[in-house]
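Examination of the molecular architecture
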Amino acid sequence: MRVLCVAEKNSIAKSVASILGGGQVKRRDTKSKYIKNYDFTFDFGGYIGSAQVTMTSVSGHLTEASFPSEYNSWSSVPQDILFDARIITSVSKNANVLADNIKKEARNATYLYIWTDCDREGEHIGMEITNVARTSNPQIRVIRADFNNLERRHIIQASKRPRELSKDAADAVSARIELDFRLGAIFTRLQTLQLQRAFEILQSKVISYGPCQFPTLGFVVDRWQRVEDFVPENFWFLKLVDKRERQTVNFTWKRNRVYDRLAAILFLENCLDAKVAKVVKVNQKPARRYKPLPLSTVELTKMGPKYLRLSSKKTLELAESLYTNGFVSYPRTETDQFDSGMDLHGIIGKLTVSEDWGPFAQGLLDGNFRIPRKGKHNDRAHPPIHPINFVHRSALQSQDHWKVYELITRRFLACCSENAIGAETIVELQMGDESFSQKGLVIIERNYLDVYPYDKWTGTGQLPAYQVGEEFVPSMLNITDSVTTSPSYLTEPELIALMDANGIGTDATMADHIEKVQEREYVIKRKKRGAATEFVPSSLGIALAKGYDEIGLEWSLTKPFLRKEMEVQLKNIETGHLDRDALVHMTLTQFRDVFHLTKQRFDCLKNSCRLYLIELNES
Amino acid sequence: MTDTLLLKEMEQRGIPLKNSWLSLVVNHLVHQRKYARENITIELILPFFIASDIRSSTTGASAASYDISNQHNITLSNPLLVQVVRIREIGKSIVSQLEYLNQLEERKKLKGQQIIRLVDEEDREDKEGDDSGIAEAQEAIFDGKGFKCMCRLVLEDANGQRFYGMEWKSIPGIQLDTNLGTKLLIQNAQIKRGTLLLTPENTEILGGEIDEWNREYFPKKLMQELKEELEVKKLKP
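Residues numbered from 1 in each chain as written. Chains lettered and ligands numbered in written order. Predicted model: local features only at pLDDT ≥ 70, side-chain atom pairs only at ≥ 80, totals over all residues. Heavy atoms only, no water.

Where we set the bar: UniProt positions are given in the numbering used here, feature names are shortened, and annotations may be inferred rather than shown by experiment.
The name recorded for chain B in an unreviewed UniProt entry is RecQ-mediated genome instability protein 1, from Schizosaccharomyces octosporus. Regarding chain B, the relevant UniProt record gives this comment under Sequence similarities (unreviewed entry): "Belongs to the RMI1 family."

As recorded by an unreviewed UniProt entry, chain A carries the name DNA topoisomerase and is attributed to Schizosaccharomyces octosporus. Looking at chain A in UniProt, the text filed under Sequence similarities (unreviewed entry) is "Belongs to the type IA topoisomerase family." In its Catalytic activity (unreviewed entry) section, the UniProt entry covering chain A states "ATP-independent breakage of single-stranded DNA, followed by passage and rejoining."

1. Things to note about the interface of chain A and chain B
Many structure descriptions define interface size as the accessible area lost when the parts assemble. To keep it simple, the criterion reads: Contacts were defined at the residue level, with two residues in contact if any of their heavy atoms lie within 4.5 Å. When two parts are put together, the accessible area they lose, computed with a 1.4 Å probe and summed over both, is reported as buried area. Here a salt bridge means any side-chain nitrogen of Lys or Arg lying within 4 Å of a carboxyl oxygen belonging to Asp or Glu. Distance and chemistry together define a polar contact, namely a pair of N or O atoms within 3.5 Å, with one atom able to donate a hydrogen and the other to accept it when in protein, and with adjacent residues in sequence counting only for side-chain atoms on both sides. The numbering of helices and of strands both runs from the N terminus, where a helix is a DSSP run of H or I of at least 4 residues and a strand a run of E of at least 2.
Facing the 40 residues of chain A at the interface are 40 residues of chain B. Both sides together, the interface formed by chain A and chain B hides about 3,500 Å², and carbon and sulfur atoms give 55% of it. For the pair chain A and chain B, the number of links is 7 salt bridges. In this structure, arginine 117 of chain B and aspartate 222 of chain A form a salt bridge, with 2.5 Å as the shortest nitrogen-oxygen distance. Seen at the junction of chain A and chain B, the total is 13 residue pairs in polar contact (both at pLDDT 80 or more). Counting residues per element, the ones that place at least two in the side of chain A that touches chain B are α6 (213–229), α7 (261–274), α8 (297–308) and α13 (492–501) of chain A.

2. Observations regarding the pairing of strand β2 (residues 26–29) of chain A
Residue and element names in this part refer to chain A. What counts, and what does not: Paired strands, as defined in this entry, are two strands with at least two bridges between them according to DSSP.
Here 4 bridges tie β2 to strand β3 (residues 36–43), and the two strands are oriented antiparallel to one another. From the neighbouring strand, aspartate 29 faces β3, where its bridge partner is lysine 36. Between the antiparallel neighbours β2 and β3 lie 6 residues.

3. Considering the environment of aspartate 260 of chain A
Looking at the element boundaries, aspartate 260 of chain A is found in the loop between β10 (247–253) and α7. Spatially, the C-alpha atom of aspartate 260 of chain A lies 35 Å from that of glutamine 284 of chain A, the residues being 24 residues apart in sequence. Discounting chain neighbours no more than four positions away, the residues touching aspartate 260 of chain A are Trp236 of chain A together with Ile90 and Arg152 of chain B. For aspartate 260 of chain A, the side chain forms a polar contact with the main-chain nitrogen of alanine 263 of chain A, separated by 2.9 Å.

4. Quick notes on the sheet that holds strand β6 (residues 190–192) of chain B
Residue and element names in this part refer to chain B. As a reminder of what qualifies: Every axis in this analysis is a line fitted to C-alpha atoms, fitted for helices over the stretch in contact. Angles between the N-to-C directions lie between 0 and 180 degrees.
Taken together, the 8 strands give an open sheet; going across it, the order is β1-β6-β7-β4-β3-β2-β5-β8, and neighbouring strands pair in mixed fashion. Two strands lie at the open edges of the sheet, namely β1 (74–75) and β8 (203–207), each paired on one side alone. In this structure, β1 lies alongside β6, joined through 2 bridges in antiparallel fashion. Counterpart to isoleucine 74 in the pairing with β6 is isoleucine 191. On top of the sheet, helix α3 (residues 42–50) reaches β2 (80–89), β5 (183–186) and β8; it is set at about 95 degrees to β8, its chief contact.

See the structure below:
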């Protein structure tokens, strides 16, 4: 009995082979420098039993989409033909050697065991591998491994419990590929040709369109516009200060602030008429700062730029590297709740040897453990990102690898801790018709904060004593003026949060789209004070976003709705509620309208480019 | 009811109608709407009143008997009937108000769909630091929080005298989209530095509007006015 196992990358093939092969693995070269074949024997039990196994891999997608050559000419082929043109799916040039390797190895195998990543794309790649294998061995039986980390016991268990490839998930990806390809081609050709003809400055530039990149650009331009439009405004507020017990207490005015100076004067005079401030409420209550939720991909990609000075893409890449090496679980997950059956204590136990958080972990085992909070998301495929094993700083490839591993581990330990606890005193005053208040916060127990430096919670100190009914003359009461401050440009965590909230991209792809819009020079990343970075649109980016909004807001390619709707429907295909071809047809119909509207009103784009590329740059 | 009785009852409510104006309305009701003269009641007259310009429909009996803008530290002795000429939010910046109005317009164009521009993070360090108004607008429109703080009104009495009124305490029903020409009845309000201090206790909203002033005012004309005011702020350093 021969079984051919195929993983998504060589590093995973190597890891799984070494686990299943138990040290008796023979390595064979292939025609590709990066891909190897690993031979071993393994007893799968069940209906497969003991077998000779060859484990190999591909390198992401094997196939790519293209149009037949008669559609190659941009200038002579009208773009709307591409809505209906046949799409050829063929093995890409780079993947030819990989496909050949699979064909060869599949010839004598009874089973094809797919070991690609367990996400939507992975199912599709599994299908691609299946199609290739079947060309040399049409009778081969196909099964699929269900795994979400590379821990030894988990892999062995997973290998004995295969399932079927999910056709629905593969269909969802197939729909996405077709739509992204067609729409990408159609709109890229349309806008590039028209703008190249109209503007000398763009003559040699390809102005590409991507259905996720444009909404991403849209968010950046949207925020940029607000910064441009901002005008600082004066405002006034009442300041009441009391000095007692050698402390100075600044009370906050309930109305917060007023944008009319005369009104502020009226309020102040009302207070002065009253002469004394009266304490109307003194409340003490417990305060809590909640420990973090279990870690999802979106959260991880936001924390990277915020706390580790790494881009979201880099953060995700490092997490993947840690996963491939068996240190953390699968980093592409929407799930932010731990399954109640999961053995959290076991993982904590492995972390007690660490010199950084060993004692804290031991404390959890000794009685400080608390059940993690549950977030609202569960993709039912993978658990939240968590450490699988302990690893020493020096055993990792780089300092950046360590930073990501540390973040994942500290987050996990924080999840299993108690919330931080404090006590808060609130004092409310009344002076005339005006109300003031102030809070004093004392931190009583830091709990999770001790292992999680990414959250800050500082006390403001104990307030001096106030009695309800007490009256006193404030040591200072006056009007203070200030000015409003401009919003700032989008930071990477903010952009990811917006993409997530508006349904653009999936947790795995968001970081990619952000990279793409920078590559295409629609968006520029620049440093601001400190180590933080921010995104500003390029002139071309602004021109495109404004132009498309002018063409029609509801249909604007730089607004999120069209893509959001598509993502929702892709999910429906994945869960079997919608047919793949039906979605493709529906979406193309919608975009046909968008296409015609865009062509009809293309002057809006030309005017926008004229304004932002030429006129404003000259001034 | 006879005209005299109608006049008397309205006057008791604080609304001294002009005889000539009332006749016009009554005649309209009788000839155009076919009501019998005896069956005409206050309830039939009121809608016409609140849609009218009080400079034409009422006598000066309910107007201010002195120049309000120059008064300080007095309390209104007689009931004062006014119509709202303009409303401004003084608890929020103009940038913030424009953001709110823009998002309202956008929501209409997009048929209820929302573009989320700000995500509320659990640990936002400086919530007060957001002067862009984006968070406020989003919460007001999509989280149902409403957009209202503290309004300052330009009011006009039956003699055409204009002065300021300010919400000293929040009055439900007075906000940015309140109709221009809304009729208010104010009693026992304090006047400080030429401004009437309004509270729910001293201000009764009679409702209505003046079509000429109010038609297509909210939100487009209001936004135009606010933008012009913002331009002026730009010039003053």
